[in-house]
Amino acid sequence: MISEKKNIILNVRDLSIGYSNKKSTNKIARKINLSLSKGELIGLVGANGIGKSTLLRTLSGMQTALGGSVFLYDKPIESYSSFQLARQLSIVLTEPPATKNLSVQEMISLGRQPYTNWIGKLSAEDKKAIEFALQTTETTKISEKKCFELSDGQMQRVAIARALAQDTPVMLLDEPTTHLDIYHRAYVLKLLKNLTQTTQKTILFSTHEIDLAIQLTDKMIVMTEDQTYFGTPCELITKGRFDTLFPSETIQFDSETGRFTIKK
Amino acid sequence: MQTTTTFRLHFIVLFAVLVVAFLLNLSIGSVSIPINEIIAVFTGSGSSNDNWQYILVDYRLPKAITAMIAGGGLAISGLLMQTLFRNPLAGPFVLGLSSGASLGVAFVILGAGAFGGAIGGFLLSQWGVVIAAGLGSFLVLLAVLAVTFRVKDTMAILIIGLMFGSLTTSVVSVLSYFSNAERLQQYIFWSFGSLGNQTWQGVSILSICFLLGLLLSISSSKSLNSLLLGENYAKSMGLQIKKTTFIIILATSILAGGITAFVGPIAFVGLAVPHLVRQFFKTSNHLVLMPAVLLFGSMLMLVCDTIARLPFNAFALPINAITSLIGAPIVIWLLVRKRKLFF
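Residues numbered from 1 in each chain as written. Chains lettered and ligands numbered in written order. Predicted model: local features only at pLDDT ≥ 70, side-chain atom pairs only at ≥ 80, totals over all residues.

(A) Main features of the overall build of chain B. The number of helices and strands found in chain B is 15 helices and zero strands. In terms of C-alpha radius of gyration, chain B reaches 20 Å, essentially the compact-globule figure of 20 Å for 343 residues. Across its three principal axes, chain B shows a C-alpha extent of roughly 60 × 55 × 35 Å. Across the 343 residues that make up chain B, the buried fraction comes to 49%. Long-range pairs, those at least 24 residues apart, make up 80% of the contacts in chain B between residues at least 6 apart in sequence. (Helix = DSSP H or I, 4+ residues; strand = E, 2+ residues; numbered from the N terminus. Rg over C-alpha atoms; globule rule 2.2 N^0.38 Å. Buried ≥ 20, exposed ≤ 12 C-beta atoms within 10 Å, placed from the backbone. Contact = placed C-beta atoms within 7 Å.)

The following block contains the structure:
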């Protein structure tokens, strides 16, 4: 029990997320409790607009929480400077990079920014990390290509490689499988799974591939209108948490197969 | 990252062209001076003709240096703005700096009639105009910086800059409407831009502005590279967006504001040079782009100034017209030929 507690990297207590301005607050979700440990792959699922991206943005420190707390290594996430945080936590967003006139190599090298000197010179260690990122994501062959020449699947691998080069214990990915065909979806998820096992990173990703996530992840976060559930896929299935994900008159979760079926 | 060594040949060629353009620019004018004489003056052996020596050292050399600073500085501030706003249409004047300078100059030239006497005389002198233009762009800069601290969104800063520009332009229109023909002509001549008539004192002040702006730009090159991925990614890699935005805008203002104060609003160079350079140096890495843009901008400005003097040796065409006249067709030709705008 003690060893497990030691391994907890990201601890979330009674978190409320949403947007606020001077006049009003718009709470999207409340009472979120999670604890993510070293080497875990965690899937975040929920309907469109339920607040998956907002949760990821809050966990990454890009957005302030409306209530509750996020602890990264027992320290509140607000206490990290943006520079310190960049060495602990990397992100892959749904938005494409602002420019695609960078070669794959250059794009991935940018991930080393938290480590390079004021002008961005790459050290031997930086080059090693970039090489590792290229090999792990199998992008070595396309490393000289420009990003605008890549397919969606290749681009996603490059985006993951850039986050990988940042060499952080925690990686957050917002819908890394969108726009990809079934092969690339499985490829990306398997890549993430392998990474958690070989590098002991904690990887949290949001996805709509609920059936794939159930098969691959160690833990899952299920966001519904009323509550956010956290647990292993098996626990969540037995407790019937997936049944409340979507309106049941259209689709229904089949706990035998771990899939959703359309109601006819 | 592709380093500068990958582009060594590009840089050697560019530098050689710059040197040729520099010597050519010095040799052409109302008096033609042979190139070997120019080299003789620079190597210290002195020219055989005292008049040539005087023309070179006190007229053409400051002009050529001003041209290089103006071209290089405007091109760099264009590059900074294009990356900061991640918009290929941005240039050094998107934040309304040139409009601010125009407003200052318009107040001085068009309003000088109200003062008369010694004050009026000083206001209309070259230094009066330089100070007015500098103050004008500085005030716009302060307004823009005040906005940067309040507004989160960089795109909002862009729009607000455009609004400032439009505001000051309309004030200038009102001033022009009420001023007499002679003053109006003087103002319009200023707005054509002029590289000549610079004293060494002026050139040294301009050089200080330029070096300061250049230093700030170079120190931001790592931040600029991370901005290429977009603000959110840049933040996740440890970039402090507000501080970086502030430094980049400050660098642009010092560069573009200082240059506009001395040579007037020169259009086109700042917008086009970064695009031209990206066509030849196929990268977005600022460590490569920045020196390339600097050399290319200086070179282009020298060439434009040389061409402005070619047809009528006695006097020069307005430089502001020449930069666009030469540059616009080149950019159009390049884009049509390559069919791709790299950004």
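So much for the structure itself; the text now carries on.
(B) Molecular detail of the sheet that holds strand E1 (residues 8-20) of chain A. All names here are of chain A. Strand order in this open sheet of four strands is E2-E1-E4-E5, and the pairing throughout is antiparallel. A strand with exactly one partner marks an edge of an open sheet, and here the two such strands are strand E2 (25-37) and strand E5 (75-76). With nine bridges connecting them, E1 and E2 associate as antiparallel partners. Counted as the bridge partner of Gly-18 is Lys-27 from E2. Docked against the sheet, helix H2 (residues 52-59) engages E1, E2 and strand E4 (67-72), running at close to 120° with respect to E1. (Pairing = 2+ DSSP bridges. Axes fitted to C-alpha atoms, helices over the stretch in contact; angles between N-to-C directions.)

(C) Up close: the nonpolar core. Membership of the largest hydrophobic core comes to 171 residues, with the highest contact counts inside it found for Val-105, Val-293 and Phe-296 of chain B. Look past the residues within four positions of Val-293 of chain B in its chain and what remains in contact with it is Ala-75, Ile-76, Leu-79, Val-273, Pro-274 and Val-277 of chain B. (Core = buried A, V, L, I, M, F, W, Y, C linked by C-beta atoms within 7 Å.)

(D) Molecular detail of the sheet that holds strand E9 (residues 219-223) of chain A. Residues and elements named next belong to chain A. The strand order E6-E7-E8-E3-E9-E10 describes an open sheet built from six strands, whose pairing is mixed. Edge positions in the open sheet fall to strand E6 (89-92) and strand E10 (228-231), since each of these has one partner strand only. The sheet shows a mean angle of 15° between the axes of neighbouring strands, taken without regard to direction. Where E6 lies against strand E7 (residues 170-173), four bridges are found, and the strand directions are parallel. Considered in E7, the bridge of Ser-90 is made with Met-171. Helix-sheet contacts for helix H7 (residues 182-199) involve strand E3 (41-46) and strand E8 (202-206), and the interaxial angle to E8 is about 160°.

(E) Just the packing of helix H6 (residues 126-150) of chain B against helix H12 (residues 241-263) of chain B, in detail. Residue and element names in this part refer to chain B. Two elements in contact, H6 and H12, have axes separated by 8 Å at closest approach and are oriented at 165°. What the angle tells us is that H6 and H12 run roughly antiparallel. Note on packing geometry: the crossing formed by H6 with H12 is right-handed. In contact with Val-130, Ala-133, Gly-134, Ser-137, Phe-138, Leu-141, Val-144, Leu-145 and Thr-148 of H6, H12 contributes Thr-245, Phe-246, Ile-249, Ser-253, Gly-257, Thr-260, Ala-261 and Phe-262. Tallied by class, residues from the contact of H6 with H12 come to ten nonpolar, seven polar and no charged. (Parallel < 35°, antiparallel > 145°, perpendicular 65-115°, else oblique. Left-handed = near helix turned anticlockwise from the far one by under 90°. Nonpolar A, V, L, I, M, F, W, Y, C, P; charged D, E, K, R; others polar.)

(F) Local environment of helix H8 (residues 181-192) of chain B. Helix length check: H8 of chain B (twelve residues) gives 16 Å between terminal C-alpha atoms against 16 Å at 1.5 Å per residue, within 8%. At the exit of H8 of chain B stands Gly-193 of chain B, carrying a positive phi of roughly 80°. (Expected span 1.5 Å × (residues − 1).)

(G) Focus on the packing of helix H3 (residues 50-84) of chain B against helix H9 (residues 200-219) of chain B. Residue and element names in this part refer to chain B. At a minimum axis distance of 10 Å, the contact between H3 and H9 shows a crossing angle of 25°. Overall, the two elements H3 and H9 adopt an arrangement that is roughly parallel. With respect to the hand of their crossing, H3 and H9 are arranged in left-handed fashion. For the pair H3 and H9, the contacting residues are Pro-62, Ile-65, Thr-66, Ile-69, Gly-73, Ile-76 and Leu-80 in the first and Trp-200, Val-203, Leu-206, Ser-207, Phe-210, Gly-213, Leu-214 and Ser-217 in the second. Residue composition of the contact of H3 with H9, grouped by class: ten nonpolar, five polar and no charged.

(H) Expanded view of the interface of chain A and chain B. Counting residues at the interface gives 25 residues for chain A and 23 residues for chain B. Counting only elements with at least two residues in the side of chain A that touches chain B, the list comes to helix H3 (82-86), E6 and helix H4 (104-110) of chain A. Its residues assigned to classes, the side of chain A that touches chain B shows 13 nonpolar, ten polar and two charged.

(I) Just the confidence of the model for chain A, in detail. When the pLDDT values of chain A are averaged, the result is 91; 98% of them are 70 or greater. Averaged pLDDT values over the elements of chain A bottom out at 56 in helix H1 (residues 2-6) of chain A and peak at 97 in E8 of chain A. (pLDDT = per-residue confidence, 0-100.)

(J) Molecular detail of helix H1 (residues 8-27) of chain B. Residues and elements named next belong to chain B. Its 20 residues place the ends of H1 29 Å apart at the C-alpha level, agreeing with the 28 Å of an ideal helix rising 1.5 Å per residue. Restricting attention to buried positions, one finds in H1 the residues Leu-14, Leu-18, Ala-21, Phe-22, Asn-25 and Leu-26. Viewed along the axis of H1, the buried residues span an arc of 125°, placing them on a single side of the element. Those residues of H1 that are exposed and aimed more than 90 degrees away from the buried face are Arg-8, Leu-9, Ile-12, Val-13, Ala-16 and Val-19. Looking at the packing, one finds that the buried side of H1 touches helix H2 (35-42), H3 and helix H14 (286-309). (Arc of directions from axis to C-beta.)

(K) Fine view of unusual backbone geometry. All names here are of chain A. One non-glycine residue with positive phi stands out, namely Asp-167, at about 55°. Structurally, Asp-167 can be placed in the loop between helix H6 (152-165) and E7. Not every positive phi belongs to a glycine, and Gln-200 is a case in point at roughly 60°. Looking at the element boundaries, Gln-200 is found in the loop between H7 and E8. Classification of Gln-200 as partly exposed rests on a count of 13 C-beta atoms within 10 Å.

(L) Focus on the environment of Gly-111 of chain B. All names here are of chain B. Looking at the element boundaries, Gly-111 is found in helix H4 (residues 97-111). Take Gly-111: there are 16 C-beta atoms within 10 Å of it, and that puts it in the partly exposed class. In this structure the C-alpha to C-alpha distance between Gly-111 and Arg-183, which are 72 residues apart in sequence, comes to 8.8 Å.

(M) How the structure looks around the environment of Leu-102 of chain A. Inspection of the secondary structure puts Leu-102 of chain A in the loop between E6 and H4. Given 24 C-beta atoms within 10 Å, Leu-102 of chain A falls into the buried group. Once the C-alpha coordinates of Leu-102 of chain A and Arg-241 of chain A are considered, the two residues, 139 residues apart in sequence, prove to be 43 Å apart. Contacts of Leu-102 of chain A, omitting those with residues within four sequence positions, involve Met-107 and Cys-147 of chain A together with Leu-228 and Ser-284 of chain B.

(N) How the structure looks around the pairing of strand E12 (residues 259-262) of chain A. Residues and elements named next belong to chain A. Note: strand E11 (residues 251-254) against E12, four bridges, orientation antiparallel. By the bridge assignment for E12, Ile-251 is matched with Ile-262. If you look at the hairpin formed by E11 and E12, you'll find four residues sitting between the two strands, and Gly-258 has a positive phi there, around 70°.

(O) Highlighting the confidence of the model for chain B. Residue and element names in this part refer to chain B. With 92% of its residues at a pLDDT of 70 or more, chain B has an overall mean of 85. Ranking the elements of chain B by mean pLDDT puts helix H5 (residues 117-124) last, at 63, and helix H10 (residues 221-227) first, at 94. The complex prediction reports pTM at 0.89, with the ipTM value standing at 0.91.

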